[in-house]
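Tertiary structure, described
Given next are the chains, with one letter for each unit.
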Amino acid sequence: MVPQGSRAELEFGGPLGAAALLLLLPATMFHLLLVARSGPARLLGPPPYLPELEELWSPWALLLCLTWLGLQAALYLLPARKVAEGQELKDKSRLSYPINGNPIYDFFLGRELNPRICSFDFKYFCELRPGLIGWVLINLALLMQEAELRGSPSLAMWLVNGFQLLYVGDALWHEEAVLTTMDIIHDGFGFMLAFGDLAWVPFTYSLQAQFLLYHPEPLGLPLASVICLINGQSGRGSALPPPFIRSLFIQHPLAVGYYIFRGANSQKNTFRKNPSDPRVADLETISTATGRRLLVSGWWGMVRHPNYLGDLIMALAWSLPCGVSHLLPYFYLLYFTALLVHREARDEQQCLQKYGLAWHAYCRRVPYRIVPYIY
């Protein structure tokens, strides 16, 4: 809790940074959509043309979007669904409604932590369902359009669709895990999350498929196999020791992406639910003043955020089918690296405030943040 009379440290550069991001994020998304369709496809160059205002408005598109959100909302409210208890929020599960604040900063980050109408939680609903499923449907539509244009989808298009479908399917299958994320526990529901979930994710994360539709890339089976190794296969074992990871990097340096991502997340979620589970019971931990324990072995003894490492390796695999002649398909990798480094810094600050000396001890035991021996 913030002491009475003091102000919490502002994030994202405060009101000025929030105001800049309010303009920059939609402009960036719009720029990416335009340059992906152009011949040069220059990430850093200006778009070849700006559409007329009438091209940006379609009542049918608006109706489609509203219908899609309505359908997802109806599915969310179905009575036959699992109900999961979330993690303790930053306000100890008591919603706060501050009176004073900066309107731009509050609009960007959101003043209310978990806005609800009855059982409908707006933030939790937007976090996965409309944007992630919409991302997959946009990819599928691009694949079908390529089949119409060229007779059949390219191998590169199949790979991008398959990799990203696996990622979205994993997120939906493990939907309960989103309750432990910074988005749900710490961040308010403002422009940052609403725009990110509903617009940025489906239209920016599908950039590789958009690029391939307008810039076909020949891809042979040997290179496709290598890219599949980079993306990795399912890693559902929860207590993989670091020596095995080092061996994996040495012998098969590419087959680590999804394996690390799923293995690390499964281990963390299993430990949070039941520390006595046989899959995690033997892991080393550090006790904290809050009563919680910090993992210092297994995946979480390798780096402090092994799930971020797996995420970044998968991001590379999604871009490689687009070749190396253009920087544009690698925008996601560059953006996601910056996002995760920034998120890791925010998480470090919050953990330091929460765990104090125990966090210092953890950092000494696990010195690397995301990439072993590098960062």
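What counts, and at which threshold
Residues numbered from 1 in each chain as written. Predicted model: local features only at pLDDT ≥ 70, side-chain atom pairs only at ≥ 80, totals over all residues. Heavy atoms only, no water. pLDDT = per-residue confidence, 0-100. Contact = heavy atoms within 4.5 Å. Patch = residues over 30% accessible without salt bridge, like charges linked within 9 Å, V, L, I, M, F, W, Y side chains within 5 Å. Areas by Shrake-Rupley, 256 points an atom, 1.4 Å probe, with all protein chains shown as cover. Salt bridge = Lys/Arg side-chain N within 4 Å of Asp/Glu carboxyl O. Helix = DSSP H or I, 4+ residues; strand = E, 2+ residues; numbered from the N terminus. Buried < 20%, exposed > 50% of the residue type's maximum accessible area, 1.4 Å probe, protein only. Phe/Tyr/Trp six-rings, centres within 6.5 Å; stacked < 30°, edge-to-face > 60°. Core = buried A, V, L, I, M, F, W, Y, C linked by side-chain atoms within 4.5 Å.

1. Quick look at the confidence of the model for the protein chain
- Confidence in the prediction for the protein chain averages 81 pLDDT; 85% of positions are at 70 or higher.
- Confidence drops under a pLDDT of 50 for residues 1-6, and excluding neighbours within four residues, the segment shows three contacts in the predicted structure.
- Confidence over residues 94-99 falls short of pLDDT 50; this stretch has seven contacts with residues more than four positions distant or in other chains.

2. Some thoughts on a nonpolar patch on the surface
- Residues Phe30, Leu50, Leu53 and Leu56 make up a contiguous nonpolar surface patch of about 440 Å² in total accessible area.
- Relative to the assigned elements, Leu53 resides in the loop between helix 1 (14-36) and helix 2 (59-76).
- Relative accessible area serves as the criterion here: at 70%, Leu53 is assigned to the exposed category.

3. Topic: the packing of aromatic side chains
- This model, assessed by the stated rule, comprises 25 aromatic pairs.
- On the numbers, 6.4 Å between centres and 25° between planes, the contact of Tyr355 with Trp359 is stacked.
- Exposure remark for Tyr355: the relative accessible area of 12% places this residue in the buried category.
- One aromatic cluster is present, formed by Trp135, Tyr167, Trp200, Tyr205, Tyr258, Phe261, Trp318, Phe331, Tyr332, Tyr335 and Phe336 through successive ring pairs.

4. A closer look at the nonpolar core
- In terms of nonpolar packing, the biggest core is built from 81 residues, with Trp135 and Leu328 touching the most fellow members.
- With residues up to four places along the chain from it excluded, the contact list for Leu328 reads Leu32, Val35, Ala36, Ala41, Leu43, Leu207 and Phe211.
- Of all hydrophobic cores here, the second largest spans eleven residues; its members include Val296, Cys351, Trp359 and Cys363.

5. Description of the environment of Gly323
- Locating Gly323 in the fold gives a position in the loop between helix 12 (306-319) and helix 13 (331-355).
- With 104 residues separating them in the primary sequence, Gly323 and Leu219 have C-alpha atoms 8.4 Å apart.

6. Some points on the pattern of salt bridges
- A full pass over the atoms with the stated rule returns twelve salt bridges.
- The partner of Glu11 in a salt bridge is Arg346, with the nearest N and O atoms 2.9 Å apart. Placement of the pair is Glu11 in the segment before helix 1 and Arg346 in helix 13, with a sequence separation of 335 residues. Grouping residues by exposure puts Glu11 and Arg346 together as buried.
- A salt bridge links Arg116 to Asp121; the nearest nitrogen and oxygen atoms lie 3.1 Å apart.
- With a relative accessible area of 52%, Arg116 lands in the exposed category.
- Each of Glu11, Asp187 and Arg346 takes part in a single network of salt bridges with overlapping partners.

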